[in-house]
Amino acid sequence: MRLFAAVLPPDAVVDELAQAAAKLKTLPGADELRWTAPEGWHFTLAFMSEVADETVLDLTERLNRAARRTAPFPLSLHAGGHFGDRALWVGAAGDIDALRLLAARADAAARKSGITMEEHRHYRPHLTLARGKGEPPLAPYAEGLATFRGEEWTVGELTLVRSNLPKSGMPGERPRYEVVGRWPLGGAG
């Protein structure tokens, strides 16, 4: 199964971002982009791709330990940017060091479980809002997020999510995300 470790924003934060995204969708060319669904918004900490069923138990035990070792921390959605003209994202503010630490621990948990991970690179927290194919340019949409400042919340759990890829081939169909594990951060709950 395709899995990734993530931080999921609470509903109120998702609603706030949805309002900002609705304004972006009025910009010229917005209908050319593939907008991600609010119910799938997340900060990926460690993408594990395909994970064998027999590995999941060890992985979940290690993610549980990683969560227990990490204290809850403040986070908010903040401004935005783009990766070329292929991905529009909103960034994060708050205790980014704690978020990076949780990402490193989730990555280590996967590696220690025997999961082959991509080459380790500096973690850049972002939540993907839309994907493009080069047209329209994403810079105007990122500029539309420049002053966006979301409400702060306390990250209190690490989540393991299964990504179910579209099978029908229908245009516009998106991956479906299913939470398969949640672990409170140290001192939470």
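About the thresholds
Residues numbered from 1 in each chain as written. Predicted model: local features only at pLDDT ≥ 70, side-chain atom pairs only at ≥ 80, totals over all residues. Heavy atoms only, no water. Helix = DSSP H or I, 4+ residues; strand = E, 2+ residues; numbered from the N terminus. Contact = heavy atoms within 4.5 Å. 1 Å grid on protein atoms, 1.4 Å probe; cavity = no way out; pocket = protein on both sides within 12 Å on 5 of 7 lines; lining within 4 Å. Points joined across faces, edges and corners; volume = space filled by probe spheres on them. Nonpolar A, V, L, I, M, F, W, Y, C, P; charged D, E, K, R; others polar. Phe/Tyr/Trp six-rings, centres within 6.5 Å; stacked < 30°, edge-to-face > 60°. Buried < 20%, exposed > 50% of the residue type's maximum accessible area, 1.4 Å probe, protein only. pLDDT = per-residue confidence, 0-100. Axes fitted to C-alpha atoms, helices over the stretch in contact; angles between N-to-C directions. Parallel < 35°, antiparallel > 145°, perpendicular 65-115°, else oblique. Left-handed = near helix turned anticlockwise from the far one by under 90°.

What follows deals with the environment of Val90. Looking at the element boundaries, Val90 is found in strand β5 (residues 87-94). Separated by 11 residues in the primary sequence, Val90 and Ala79 place their C-alpha atoms 5.7 Å from one another. Among all residues touching Val90, those that are not within four sequence positions of it are Leu17, Phe43, Leu77, His78, Ala79, Gly80, His126, Leu127, Leu129 and Phe148.

This part covers the layout of surface pockets. Estimates place the volume of the second largest pocket at around 210 Å³. Lining the second largest pocket are 15 residues, and of these Leu8, Pro38, Glu39, Gly40 and Trp41 lie nearest its centre. The set of elements that each furnish at least two residues to the lining of the second largest pocket consists of α1 (11-24) and β9 (176-184). Ranked by residues supplied to the lining of the second largest pocket, first place goes to β9 with 4 residues. Tallied by class, the residues present in the lining of the second largest pocket amount to 9 nonpolar, 2 polar and 4 charged.

On to the packing of aromatic side chains. The tally for this structure, following the rule as stated, stands at 3 aromatic pairs. On the numbers, 5.5 Å between centres and 90° between planes, the contact of Phe4 with Tyr177 is edge-to-face. Of this pair, Phe4 sits in strand β1 (residues 2-7) while Tyr177 sits in strand β9; the two residues are 173 residues apart in sequence, bridging distant segments of the chain.

What follows covers the environment of Arg69. Tracing the chain through its elements places Arg69 in the loop between α2 (53-68) and β4 (73-83). In this structure Arg69 comes out as exposed when scored by relative accessible area, which is 57%. Between the C-alpha atom of Arg69 and that of Arg105, which follows or precedes it by 36 residues, the distance is 9.0 Å.

In this section: the confidence of the model for the chain. With 92% of its residues at a pLDDT of at least 70, the chain reaches an overall mean of 91. Between the elements of the chain, mean pLDDT differs from a low of 90, seen in strand β3 (residues 43-50), to a high of 98, seen in strand β7 (residues 153-155).

This paragraph deals with the packing of α2 against helix α3 (residues 96-112). Direction vectors running N to C along α2 and α3 enclose 155°, while the axes themselves pass 9 Å from each other. Of the possible angle classes, the one that applies to α2 and α3 is roughly antiparallel. As for how α2 packs across α3, the hand of that crossing is right-handed. Mapping the contact onto sequence places Asp58, Leu59, Arg62, Leu63 and Ala66 in α2 and Leu102, Arg105, Ala106, Ala109, Ala110 and Lys112 in α3. Its residues placed into classes, the contact of α2 with α3 shows 7 nonpolar, no polar and 4 charged.

Attention now moves to the side chain of Thr159. By the element assignment, Thr159 lies in strand β8 (residues 157-164). Not counting residues up to four positions away in its chain, the partners in contact with Thr159 are Phe4, Ala5, Ala6, Leu8, Val179, Gly181, Arg182 and Trp183.

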